[in-house]
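Each chain, letter by letter, is given below.
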Amino acid sequence: MSDAPIAQSIHDLVHAQDPEAASILKAEGERQASTLELIASENHASLATMHAMGTCFTNKYAEGYPGARYYGGCEHHDEIERLAQDRAKALFKCEYANVQPHSGAQANAALFLALLNPGDTFASLELSDGGHLSHGLKVNISGKWFSPVHYPLVRDENDADFERLDYDAIRDVCMEHKPKLLMCGYSAYPRVIDFAKFRAIADECGAILHADIAHIAGLVATGVHPSPFPHCHVVTTTTHKTLRGPRGGLILTNDADLNKKLNRAVFPGTQGGPLMHVVFSKAIAFGEALRPEFREYQQQVVANAQALAGSLVERNYRITSGGTDNHLMLVDLRTKDAELTGADAEKWLEDAGIICNKNGVPQDPRPPKTTSGLRLGTPALTTRGMGQPEMQRVAELIDRVLSSKGTDGAVRNDVRTLCDAFPLPGHGQAVGA
Ligand SMILES: *Cc1c(COP(=O)(O)O)cnc(C)c1O
């Protein structure tokens with residue numbers, strides 16, 4: 001069965017008016033239904049969360065904040081934004097939430113505008129060690145208009161903490177450069193972050209501490225990863241990764257003054273009208289995340305990541321830092337085959353219906369377009385209902401593709417069979433609705 005998991009009703013509606021666009025929607029639905037999604041930053045949102053974005057909340061300008069808008073007719077926009085804020089605060093157990101950032105990178109742009117002046121120094125992990133482009137890459141506003149200094153991971157392979165955060169080195173970097181802002185939270189870091197240790201360093205060097213929990217937000221919301229509160233002064237996140245909501249951003253804090261600055265930095269600082277149809281969807285997704293099932297889901301995400309990592313190790317792949325504590329892992333392909341690159345692996349796996357991304361491993365000698373590694377995550381497969389036995393199967397399928405250098409064409413069919421046994425959320429309900 002490879003019917004589109006997206007609402008058939010939306011497809012039919014669009015089809016009646018625009019068959020050309022509808023056929024692309026159908027193809028994408030079929031692609032998602034029939035492939036294994038292992039990109040660590042992706043997930044399958046619920047049908048309610050997806051449909052919420054296709055509503056009349058898209059029609060309205062609601063510049064400003066609840067109770068203080070620049071346009072009339074915002075009564076229900078105030079209600080829904082307050083509901084989203086209240087649920088975000090309940091989820092992350094904090095005092096203030098801004099639900100308007102269009103994305104994680106937008107949330108971080110607002111953070112920089114609120115807290116720093118052009119040229120100010122901040123400390124972060126480099127992209128090549130697992131950081132994010134909005135944490136100081138030269139081509140991003142953060143690296144072009146501000147001055148990043150980067151702290152390293154443990155570089156000594158004989159150290160028990162090899163490839164983990166090096167808190168002594170972080171302190172050294174911060175004491176030398178006295179950054180105004182210290183950033184933690186990453187895009188490709190498989191281990192627990194010790195927010196209390198970061199706070200001690202921030203206090204010693206006089207920095208504001210920021211956590212970007214874009215990847216681990218779902219784990220944090222359910223207590224599966226420790227909370228950045230009360231240690232961090234400000235937290236930014238996406239809403240569409242482990243949190244499993246619509247694409248978007250979110251800013252959280254317990255500090256009233258910071259909250260005022262951050263609100264102004266989002267609007268009018270870096271954005272105009274909020275995407276209220278997405279805010280509507282965020283409220284619904286946050287409601288889902290507050291349910292007990294969501295905690296079980298996040299626990300399974302982590303159990304699955306550990307099962308997948310373990311099965312890959314059995315097949316001779318090295319997992320950086322020796323394993324994972326969260327939803328993702330970095331696979332070093334060189335232990336399997338010194339010639340194998342992340343770029344080739346990504347392409348061969350895609351041909352077999354296994355979707356992931358090439359990723360540098362720490363101290364990768366190969367350039368970012370080639371890489372020696374793959375980043376794999378379990379949030380999306382876990383949403384489909386897969387558990388540890390399926391992770392062993394997925395590891396076996398990955399290994400068949402890579403061992404055969406992409407020539408084992410039978411894998412594509414085995415992937416389809418596995419996908420059919422674990423249909424996407426809402427599949428069936430939507431069809432013919
Ligand atoms: C994904 C990610 C972001 C950016 O989110 P977008 O919604 O793509 O802008 C920011 N920070 C980190 C750490 C991320 O992993």
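Residues numbered from 1 in each chain as written. Predicted model: local features only at pLDDT ≥ 70, side-chain atom pairs only at ≥ 80, totals over all residues. Heavy atoms only, no water.

Chemist: Can you explain the environment of H277? Please cite residues and give values.
Modeler: Locating H277 in the fold gives a position in helix α11 (residues 276-289). Exposure remark for H277: the relative accessible area of 17% places this residue in the buried category. Between the alpha carbons of H277 and H77 there is a distance of 9.4 Å; along the sequence they are 200 residues apart. Other than its neighbours up to four places away in sequence, H277 contacts A52, M53, T55, F57 and T58. (Helix = DSSP H or I, 4+ residues; strand = E, 2+ residues; numbered from the N terminus. Buried < 20%, exposed > 50% of the residue type's maximum accessible area, 1.4 Å probe, protein only. Contact = heavy atoms within 4.5 Å.)

Chemist: Before we move on, could you go through the layout of surface pockets and cite the residues and values that matter?
Modeler: By volume, the largest pocket is sized at about 720 Å³. Lining the largest pocket are 32 residues, and of these L127, G131, K358, N359 and G360 sit closest to its centre. Broken down by element, the lining of the largest pocket gets its largest block of residues, 3 residues, from strand β14 (residues 357-359). Looking at side-chain class alone, the lining of the largest pocket contains 8 nonpolar, 13 polar and 11 charged residues. Looking at the lining of the largest pocket, you find at least three residues from each of domain 1 (56-289) and domain 2 (296-421). (1 Å grid on protein atoms, 1.4 Å probe; cavity = no way out; pocket = protein on both sides within 12 Å on 5 of 7 lines; lining within 4 Å. Points joined across faces, edges and corners; volume = space filled by probe spheres on them. Nonpolar A, V, L, I, M, F, W, Y, C, P; charged D, E, K, R; others polar. Domains from an automatic or database assignment.)

Chemist: Give me the lowdown on the pairing of strand β9 (residues 234-238), citing residues and values where you can.
Modeler: With 5 of its 5 residues buried, β9 lies for the most part within the structure. The alternating pattern of β9 places V234, T236 and T238 on one face and V235 and T237 on the opposite face, and all of these are buried. Bridge count for strand β8 (residues 208-212) against β9 is 3 bridges, and the pairing is parallel. Residue pairing across strands places H210 opposite V234, the latter belonging to β9. Two strands pair when backbone bridges link them, and β9 and strand β10 (residues 249-253) are joined in this way by 5 bridges, in the antiparallel orientation. Paired with T236 across the two strands is I251, which belongs to β10. (Pairing = 2+ DSSP bridges.)

Chemist: Pulling in residues and values, what's your account of the site of the ligand?
Modeler: Within the structure, the ligand sits among 13 residues, and G104, A105, S187, D212 and K241 are positioned closest to it. One of the side-chain N or O atoms of S103 is found 3.1 Å from an oxygen atom in the ligand. Per-element accounting of the shell around the ligand gives the leading share, 3 residues, to helix α5 (residues 104-115). When grouped by side-chain class, the residues that make up the shell around the ligand number 3 nonpolar, 8 polar and 2 charged. (Near = heavy atom within 4 Å. Polar contact = N/O pair within 3.5 Å; in protein donor to acceptor, adjacent residues only side chain to side chain.)

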